[in-house]
Amino acid sequence: MPTKSIHHRGWHFLQIPGPSNTPERVLRAMGKPTLDHRGPEFGLLSKRILDGLKKLFQTDGHVIIYPSSGTGAWEAAMVNLFSPGDKVLAYETGHFAVLWKTLAEKIGIKVEWIEGDWRHGVDAQLVEDKLRNDSKIKGVMIVHNETSNGITSDVMEVRNAINNANHPALLLVDVVSSLGTTPFHQKEWGVDVAICASQKGLMMPPGLGFNSISKKAFEQAKQITNHQSYWQWEKIIEMNATGYFPYTPASGLFFGLEESLTMIFEEGLETLTQRHRKLASACRVACETWGLENQCLNPKAYSDSTTALIIPEGYNADELRSAILKEYNLSLGSGLGKLKSKVFRIGHLGDFNKLMLMATLSGVEMGMELTKIPFQKGGVQAAMKYLTDHPG
Ligand SMILES: *Cc1c(COP(=O)(O)O)cnc(C)c1O
């Protein structure tokens with residue numbers, strides 16, 4: 001017999017910056033019996049999905065689907081392109097950039113590291129300067145949207161930096177929380193590998209990792225002979241041509257992915273990115289009214305999918321989050337790495353609309369009141385005004 005349980009009625013508000021909410025349509029699509037992954041129906045399903053993903057990444061290369069989280073997709077990209085001892089250039093935008101660097105080092109890749117303060121995006125000039133002085137760098141690794149601090153970097157500027165330095169390095173970009181939330185154009189921006197996962201802008205449960213690779217990256221991978229791993233692109237691409245995989249794919253999730261891609265294209269990428277921009281802007285209006293400091297110091301780099309707020313000195317962001325969870329059944333994102341307890345994050349991505357934002361902001365404002373955090377009231381009101389001033 002349970003002695004104590006908290007009964008919540010109504011919705012749980014999952015406003016962490018990923019995994020994001022899974023829409024009913026996607027949940028229902030996944031409630032199907034398991035398919036024969038070598039049968040005709042599955043081959044057609046995966047070909048439809050692979051075509052949809054290419055359209056989403058905007059690439060004329062290949063998209064690889066792994067049964068993995070984003071971390072697996074990072075590892076996949078690196079082991080396909082680099083050998084132990086190879087050198088890459090990476091940029092410290094925040095916690096995810098640090099994790100990616102650490103993983104690279106674990107697999108024997110040397111990382112030339114540009115340190116950052118976790119409050120600004122990538123400074124492309126610094127990338128260009130490093131590349132001019134080092135012809136041995138084989139890849140540049142950046143995080144498009146740093147989910148740990150709500151900072152978006154300009155990928156095109158980094159591409160231009162590589163071109164200006166006339167350097168052959170490949171460009172690898174983590175788009176885990178930007179794909180399906182923020183404009184991203186792989187081919188136009190000259191991105192060689194875009195790394196993604198299913199649980200953020202794609203509105204799916206966790207479980208699928210993606211490498212979207214340019215033709216140049218694929219050619220380069222064929223030269224790497226020292227690994228024959230599970231992650232190897234070549235074998236997967238070969239079998240994907242007919243819709244199959246060299247191993248058992250996460251076929252149940254494929255039903256959901258087809259539905260989420262359908263939803264994304266029904267809305268249209270432009271409408272989708274504008275929706276994210278508007279909701280993010282309304283969220284920021286509330287935060288500014290409250291007088292809480294944004295972790296991102298450059299307003300041009302504010303993320304369309306996440307806002308990270310600094311808690312006033314002497315208060316603990318995790319205590320605020322747990323009070324809000326307990327009282328309002330609303331989950332907010334924690335501060336990651338060195339931002340632990342200092343920052344909390346509001347996720348405003350994926351299957352998300354104006355009233356969901358208003359509920360989230362109400363939960364934050366009430367939670368600050370409850371925990372006696374000093375702030376200016378009226379953030380919720382200001383966000384409502386922003387939304388009514390910007391209808392559509
Ligand atoms: C969420 C996220 C990841 C996720 O990695 P997992 O292995 O799926 O936990 C990677 N990079 C960024 C920028 C993210 O936001």
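Cut-off values and rules
Residues numbered from 1 in each chain as written. Predicted model: local features only at pLDDT ≥ 70, side-chain atom pairs only at ≥ 80, totals over all residues. Heavy atoms only, no water. Near = heavy atom within 4 Å. Polar contact = N/O pair within 3.5 Å; in protein donor to acceptor, adjacent residues only side chain to side chain. Areas by Shrake-Rupley, 256 points an atom, 1.4 Å probe, with all protein chains shown as cover. Helix = DSSP H or I, 4+ residues; strand = E, 2+ residues; numbered from the N terminus. Nonpolar A, V, L, I, M, F, W, Y, C, P; charged D, E, K, R; others polar. Phe/Tyr/Trp six-rings, centres within 6.5 Å; stacked < 30°, edge-to-face > 60°. Buried < 20%, exposed > 50% of the residue type's maximum accessible area, 1.4 Å probe, protein only. 1 Å grid on protein atoms, 1.4 Å probe; cavity = no way out; pocket = protein on both sides within 12 Å on 5 of 7 lines; lining within 4 Å. Points joined across faces, edges and corners; volume = space filled by probe spheres on them.

Participant: Outline the site of the ligand, listing residues and values.
Facilitator: For the ligand, the set of nearby residues contains 13 residues, the closest of which are S69, T71, T147, D174 and K200. The side chain of T147 places a nitrogen or oxygen atom 2.3 Å from an oxygen atom of the ligand. Side-chain polar atom of D174 to a nitrogen atom of the ligand: 2.6 Å apart, as the coordinates give it. If the ligand stood free it would expose 390 Å²; the protein chains cover 87% of that surface. It is helix 3 (residues 70–81) that provides the largest number of residues to the shell around the ligand, a total of three residues. Along the lines of polarity and charge, the residues of the shell around the ligand split into four nonpolar, seven polar and two charged.

Participant: An account of the packing of aromatic side chains is requested, with residue identities and associated values reported.
Facilitator: Taken as a whole, this structure holds 10 aromatic pairs when the rule is applied. Note on W74 and W100: the rings are 5.6 Å apart at their centroids and 10 degrees apart in plane angle, and the pair reads as stacked. Of this pair, W74 sits in helix 3 while W100 sits in helix 4 (residues 95–106), placing them 26 residues apart in sequence. A residue is classified by how much of its surface remains accessible, and W74, at 4% relative accessible area, is buried. Overall, W100 belongs to the buried group, its relative accessible area being 1%.

Participant: Before we move on, can you summarise empty space enclosed by the protein with the specific residues and values?
Facilitator: Applying the stated criterion to the full structure yields one cavity of 30 Å³ or more. In this structure, the largest cavity is lined by A90, Y91, A97, W100, W113, M141, I142 and V143. Every element with two or more residues in the lining of the largest cavity is listed here: strand 3 (87–91), helix 4 and strand 5 (137–143). For the lining of the largest cavity, the element with the most residues is strand 5, which contributes three residues. Grouping the constituent residues of the lining of the largest cavity by class yields eight nonpolar, no polar and no charged.

Participant: Mind laying out the environment of H95, listing which residues take part and the relevant values?
Facilitator: Considering the arrangement of structural elements, one finds H95 in helix 4. In this structure, the C-alpha to C-alpha distance between H95 and T289, residues 194 residues apart in sequence, is 27 Å.

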